[in-house]
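One letter stands for each residue in the lines below.
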Amino acid sequence: MTPEPGTPVAAGRTASAGGPSGSVPSAPPASRDAPIATEGLTTSALHKAFGDHPVLRGVDLTVPDGAFAAVLGASGSGKTTLLRILAGFEQPDRGVVAVGGVILDDDHHHVRAERRRIGYVPQEGSLFPHLTVEGNVGFGLRAREGREAEIAELLERVGLSGLGHRYPHQLSGGQQQRVALARALAVRPHIVLLDEPFASLDAGLRATVRADVRAAVQRSGATAILVTHDQDEALSIADLVAVIRDGVVAQAASPRDLYESPVDPDLARFVGEANLVEGTSYGSTAETSLGWLELRDGHRPARQQITVLVRPEQLRVTPPPGGGPGVAARVVEAGFHGHDALVHLVTEDAAAAPMIARVVGGMKLEAGARVTIKVVGPVHCWPRPSAGAANPEPPAGEEEGEPA
Ligand SMILES: Nc1ncnc2c1ncn2[C@@H]1O[C@H](COP(=O)(O)OP(=O)(O)OP(=O)(O)O)[C@@H](O)[C@H]1O
Ligand SMILES: [Mg+2]
């Protein structure tokens, strides 16, 4: 590839750093070998099909420099395809990939994987079985003075000091994942791509390794993109979560915004348990079968037909005796999860859908128990699709707010 004069194409600059094994010296910024100052990673209108099967249909994604992002999507939604394009192993059919304003892929450019300074931890076990931990970590590093110290430092960074002479089969799953990460960090990447790195670990180990990996990536200063189909994982590890659906990013937001204010009911269900309740808005409140609820997102037109999202932990369940304020309901089933329990309930409103509430694990609720439920805190809502036709906006000047 021959970059246009003045075109800030990464290959022209990373090539001088010696590809994946090129170390970044602590030279002044003027050095040709200095790392590229990144402003994050962006993809724009990224398309990719395999044969006549479109996988990515216009992925727009921005990950700020230094952020830890998660890409969340169902199996087969194109997560690995996206990561492989970012890493340079696949070429997009259309669209742009840029890091720090430097184009890596567009209609005219394709910077080769080894010149991208992007570390990649693939989905499947990727260690060379015949190499020791040190051999694996140092695989992309040239033989030179300081190489051993560099490997030792990388192993320390991922918490594996002293295990350099072991072979992969002598390591636990979590340790193997950390070796793969150390190898990805060895090229001093601007960006680390992690493809479901914790999928094969058991629940206990996963939380620890997840925290270790996040800490190691952050210490390295790299921007990270982790792919997962585990909502809890995405919400707990990332600063930014992008949900891929139907080949596009359906929503990219902070974990809290994604969970509390998803763009539509399907996305609400995808990122967690969701009670969807119909109602009518009056300014910043809504009338529903669960009573008058406060709306999270400010004012809505009066008398708009809406669907309200009530997360299970927003339902306060009060068992008898005494009961409490709220709506009468009956327990159908309680699923005990140790730290908490998910309680399935039906209200006395026969037309209302069953509800799910999250209660602390110690609360004993048997099937058939009579309780009251009450929504705590503000709720998110969407206008219902038919609202426009059936319920025109009120005439100008009509008061918003709860009717007296
Ligand atoms: N090289 C290929 N040739 C043909 N089809 C492919 C190829 N790679 C991926 N696909 C198809 O593209 C779709 C997306 O695959 P991809 O591996 O990106 O999904 P994913 O979101 O990573 O799934 P998972 O969560 O199961 O890992 C799938 O239907 C897959 O079969
Ligand atoms: Mg995958």
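Quick look at the structure, then. (Residues numbered from 1 in each chain as written. Chains lettered and ligands numbered in written order. Predicted model: local features only at pLDDT ≥ 70, side-chain atom pairs only at ≥ 80, totals over all residues.)

**Thoughts on the overall build of the chain**
We apply this condition: Helix and strand assignments come from DSSP, with helices taken as H or I runs of at least 4 residues and strands as E runs of at least 2, each series counted from the N terminus. Our exposure labels follow a C-beta count within 10 Å of each residue's own C-beta, placed from the backbone: buried means 20 or more other C-beta atoms, exposed means 12 or fewer, and partly exposed covers the counts in between. Note that contacts rest on C-beta atoms placed from the backbone: two residues are in contact if these are within 7 Å.
The number of helices and strands found in the chain is ten helices and 20 strands. When burial is assessed residue by residue, the chain has 38% of its 404 residues classed as buried. Counted over contacts in the chain with a minimum sequence separation of 6, partners at least 24 positions apart contribute 67%.

**Section: helix 2 (residues 79–87)**
A large share of helix 2 lies buried, amounting to nine of its nine residues. Among the residues of helix 2, Lys79, Thr80, Thr81, Leu82, Leu83, Arg84, Ile85, Leu86 and Ala87 are the ones counted as buried. Count one or two residues on from helix 2 and you reach Gly88, which has phi positive near 95°.

**Details of the sheet that holds strand 8 (residues 223–228)**
What counts, and what does not: Here a strand pair is declared whenever DSSP counts at least two bridges between the two strands. Every axis corresponds to a line fitted to the C-alpha atoms, with the helix fit spanning only the stretch in contact, and the corresponding angles, defined between N-to-C directions, vary from 0 to 180 degrees.
Spatial strand order, 6-7-8-3-9-10: six strands in an open sheet with mixed pairing. Two strands bound the open sheet, and with one partner strand each, they are strand 6 (118–121) and strand 10 (248–253). Each strand axis lies, on average, 20° off the axis of its neighbour in the sheet, ignoring direction. Both strand 6 and strand 7 (residues 191–195) contribute to a ladder of four bridges, which runs parallel.

**Remarks on the environment of Leu235**
Mapped onto the elements of the fold, Leu235 is located in helix 7 (residues 231–237). Assessed through the 18 C-beta atoms surrounding it within 10 Å, Leu235 is described here as partly exposed. Other than its neighbours up to four places away in sequence, Leu235 contacts Val241, Pro255, Tyr259 and Val271.

**Quick notes on the site of ligand 1**
The criterion, for reference: The criterion for a residue being near a molecule or strand is simple: its C-beta atom, placed using the backbone, must lie within 6 Å of it. Only Asp, Glu, Lys and Arg are considered charged, only Ala, Val, Leu, Ile, Met, Phe, Trp, Tyr, Cys and Pro nonpolar, and every remaining residue, Gly among them, polar.
Taken together, the neighbourhood of ligand 1 is formed by Phe50, Val55, Gly73, Ser75, Gly76, Ser77, Gly78, Lys79, Thr80, Thr81, Gln123 and His229. With three residues, the top contributor of residues to the shell around ligand 1 is helix 2. Across the shell around ligand 1, the residue classes break down as two nonpolar, nine polar and one charged.

**Here we look at unusual backbone geometry**
Most peptide bonds take the trans configuration, and most residues that are not glycine carry a negative phi. Backbone geometry at Arg188 places phi at a positive 50°, although glycine is not the residue there. If you trace the backbone, Arg188 turns up in the loop between helix 5 (173–185) and strand 7. Although it is not a glycine, Glu196 adopts a positive phi angle of roughly 45°. By C-beta crowding, Glu196 is classed as buried, having 20 other C-beta atoms within 10 Å.

**Quick word on the nonpolar core**
Soluble, globular proteins show a tendency: their nonpolar side chains are buried together. The cut-off we apply is this: Buried Ala, Val, Leu, Ile, Met, Phe, Trp, Tyr and Cys residues whose C-beta atoms connect them within 7 Å together make up a nonpolar core.
Counting residues in each nonpolar core, the largest one holds 97 residues, and the members touching the most others are Ala69, Ala182, Leu193 and Ile225. It is helix 5 that contributes the most residues to this core, six residues altogether. Ignoring sequence-local partners within four residues, the contact set of Ile225 consists of Val63, Ala69, Val71, Leu83, Leu86, Ile191 and Leu193.

**A closer look at helix 5**
The line we're drawing: One less than the number of residues in a helix, times 1.5 Å, gives the span that helix is expected to have.
With 13 residues, helix 5 extends 19 Å from end C-alpha to end C-alpha; this agrees with the ideal 18 Å at 1.5 Å per step. The buried fraction of helix 5 amounts to eleven of the 13 residues, a majority that puts the element mostly inside the structure. Among the residues making up helix 5, those that are buried are Gly174, Gln176, Gln177, Arg178, Val179, Ala180, Leu181, Ala182, Arg183, Ala184 and Leu185. At its buried positions, helix 5 is contacted by strand 6, helix 3 (133–137), helix 4 (147–157), strand 7 and helix 6 (203–220).

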